[in-house]
Amino acid sequence: MNPRLPGSTALLEMEARGLLARLNQIRPLALHETMVPAAALPPRAALDIERFLHTGRTVLRRRVEEYLTWLRGPGRQAPPAEQQHRFVLIRMRFNSILSQLDMFTEVVTQRSEARTGTWLSGLDVLADDALRITPLVTDPPPAVCYLARGPGAAIRRAKTKMPGGDLSPAAIIRIPRERMVGHGIASSLVHEVGHQGAALLGLVESLRKDLAARRPAGAREQAVWRSWEQTISEIVADLWSVATLGISSTLGLLAVVSLPRFFVFRPSGDDPHPIPYIRVLLSCAMGEAFYPHPQWVSMRATWKALNPVATLPPARQQEFAALEAGIPAFVAALLAHRSPSLGGRTLREAFPVGERVPARLLQLHATWRGDVGVMARQRPSLVFAVAGQARAAGRITPEAESQLIGTLLRAWALRSTLASAEQITTNRRMLARAS
């Protein structure tokens, strides 16, 4: 300690200098993460994240330096409690910066793992494609994926608060490791993308307002309708997934919510997710509305046979009967929803429904004949929709599907990397000509 300074001042000076030393050790992600080029983050995401982290470090460094200047000057005579208060605020900000760094480091570090890295890069491509599934989403934010243990996927949407209150520069999507690799991964991923898409279009707010205006008169019917209002944020994300992937979405959802019976029928409470039993029936109803086909009746019957409501107490049976009876009217209202962000379209018309009808998906599966070269040139969301439809029709085995999806994820990662490199080269040539 500096013997010329009072004890509290010297202690806090050392602590602040320690923060500054630790801050100066933090390097850009691009300097300490190793990965093959095809596993790298999308260029825009990488640039936005590096700028975001650099700005945070720069602002914090200036605050620490300003604090040290104050502490050695006017603050030297300040009460120790005030010195401590100012330092604690800086240290809280420092911890927030480290939390932000750790979050993005987790996203990037996995890309050094063999195979996993390129799979994640391929999933980035799928996420971007799924966000662009409707032409109403223009210039979407970058999205990056990472894997985590546990059954559920999650998203930290772009422009939402991170530790410390800063807004995230990209959408960060967590994917369960157990879902890799097959059509189920797309179901989870596109559901999370749906949250981002719904936020960009303001769908949750406009739908809640619309649903409140459509509440029926009866007490039981109103209770059912309120359950839709309460869980609309998750329902609209499921809708985005079904509209994008067809039955692939419902098959993936089935795998997620195939839980012990207690959980399948457990009331939602404050959980924004619908009751799992009802959630699958909603997915089937949305799929049938988007893409009419007998498969949805079969899927619904299978789910109900796996989870018979008749084993529940009579009061619970009546509750589920009321919820199930309300599904057709709710789904019709959902797909007929209009809002300013939809540009005069209904929610159903906002998606390219004609491109994903079951017959066309099976025709594409037959035409492609498993040719990876052909499939790698298609929209990833379309390929996953085709794979799921083929799986539902028994035209592809789980083993073959898993191998195919893994190969395609690597192919999309490579194509994306080469396209980015080509664009950089083109831009440099244009700049050279202009100069």
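One can find the structure itself at the top, above this paragraph.
In this report, the structure presented in the accompanying data block is examined. Values in this document were obtained by computation on a predicted structure and should not be read as measured data.

## Digging into the packing of helix α9 (residues 232-245) against helix α10 (residues 247-257)
As a packed pair, α9 and α10 sit with axes 6 Å apart at the nearest point and diverge in direction by 130°. Relative to α10, the element α9 lies oblique. Of the residues in α10, those in contact with D238, S241, V242 and L245 of α9 are I247, S248, S249, T250 and L253. For the contact of α9 with α10, the class distribution of residues is four nonpolar, four polar and one charged.

## Digging into the packing of aromatic side chains
In the structure shown here, the tally under the stated rule is 14 aromatic pairs. With a centroid separation of 5.0 Å and 40° between ring planes, the pair formed by F265 and Y277 is classed as tilted. You can see F265 sitting in the loop between α11 (261-264) and α12 (276-290) and its partner Y277 sitting in helix α12, a full 12 residues away along the chain. According to the relative accessible area criterion, F265 is buried, its value standing at 3%. On the basis of relative accessible area, Y277 is assigned to the buried category, the value being 1%.

## What about the packing of helix α5 (residues 116-131) against helix α17 (residues 380-392)?
Orientation of α5 relative to α17, taken along the N-to-C sense of each, is 95°, at an axis distance of 8 Å. As the angle between them shows, α5 and α17 are arranged roughly perpendicular. Within the contact between the two elements, α5 uses V125, L126 and D129 and α17 uses P380, S381 and F384. Here the residues of the contact of α5 with α17 are counted per class, giving four nonpolar, one polar and one charged.

## What to know about unusual backbone geometry
Its identity is not glycine, yet D139 carries a phi of approximately 50°, on the positive side. Residues other than glycine seldom take positive phi values, yet R369 does so here, at roughly 55°. Mapped onto the elements of the fold, R369 is located in the loop between α15 (358-368) and α16 (372-375).

## Description of a nonpolar patch on the surface
Taken together, L259, F262 and F263 make up a surface patch of nonpolar side chains, about 290 Å² in accessible area. In this structure, F263 sits in helix α11.

## Some points on the sheet that holds strand β3 (residues 171-176)
Ordered by their spatial adjacency, three strands build an open sheet running β1-β3-β2, and the pairing between neighbours is mixed. Strands at the two margins of the open sheet, each flanked by one partner only, are β1 (143-148) and β2 (154-156). Averaged over all pairs of adjacent strands, the angle between their axes in this sheet comes to 25°, without regard to strand direction. In this sheet, β3 lies alongside β1 in parallel orientation, the contact comprising six bridges. Note on β3: the bridge partner recorded for L147 is I175. Helix α4 (residues 80-109) rests against β1, β2 and β3 of the sheet, and its axis sits at about 80° to β1.

## Digging into the pairing of β3
With five of its six residues buried, β3 lies for the most part within the structure. Pairing of β2 with β3, which is carried by three bridges, proceeds in the antiparallel orientation. Opposite A154, over in β3, you have R174 as the bridge partner.

## With respect to the layout of surface pockets
Each pocket or cavity is described by its volume, and for the largest pocket that value is around 920 Å³. Lining the largest pocket are 35 residues, and of these L41, P42, P43, S416 and S420 lie nearest its centre. Counting residues per element, the ones that place at least two in the lining of the largest pocket are α2 (29-32), α3 (43-72), α5 and α18 (398-434). Here the lining of the largest pocket gets nine residues from one element, more than from any other, and that element is α18.

Conventions and cut-offs
- Residues numbered from 1 in each chain as written.
- Predicted model: local features only at pLDDT ≥ 70, side-chain atom pairs only at ≥ 80, totals over all residues.
- Heavy atoms only, no water.
- Axes fitted to C-alpha atoms, helices over the stretch in contact; angles between N-to-C directions.
- Helix = DSSP H or I, 4+ residues; strand = E, 2+ residues; numbered from the N terminus.
- Parallel < 35°, antiparallel > 145°, perpendicular 65-115°, else oblique.
- Contact = heavy atoms within 4.5 Å.
- Nonpolar A, V, L, I, M, F, W, Y, C, P; charged D, E, K, R; others polar.
- Phe/Tyr/Trp six-rings, centres within 6.5 Å; stacked < 30°, edge-to-face > 60°.
- Buried < 20%, exposed > 50% of the residue type's maximum accessible area, 1.4 Å probe, protein only.
- Patch = residues over 30% accessible without salt bridge, like charges linked within 9 Å, V, L, I, M, F, W, Y side chains within 5 Å.
- Areas by Shrake-Rupley, 256 points an atom, 1.4 Å probe, with all protein chains shown as cover.
- Salt bridge = Lys/Arg side-chain N within 4 Å of Asp/Glu carboxyl O.
- Pairing = 2+ DSSP bridges.
- 1 Å grid on protein atoms, 1.4 Å probe; cavity = no way out; pocket = protein on both sides within 12 Å on 5 of 7 lines; lining within 4 Å.
- Points joined across faces, edges and corners; volume = space filled by probe spheres on them.

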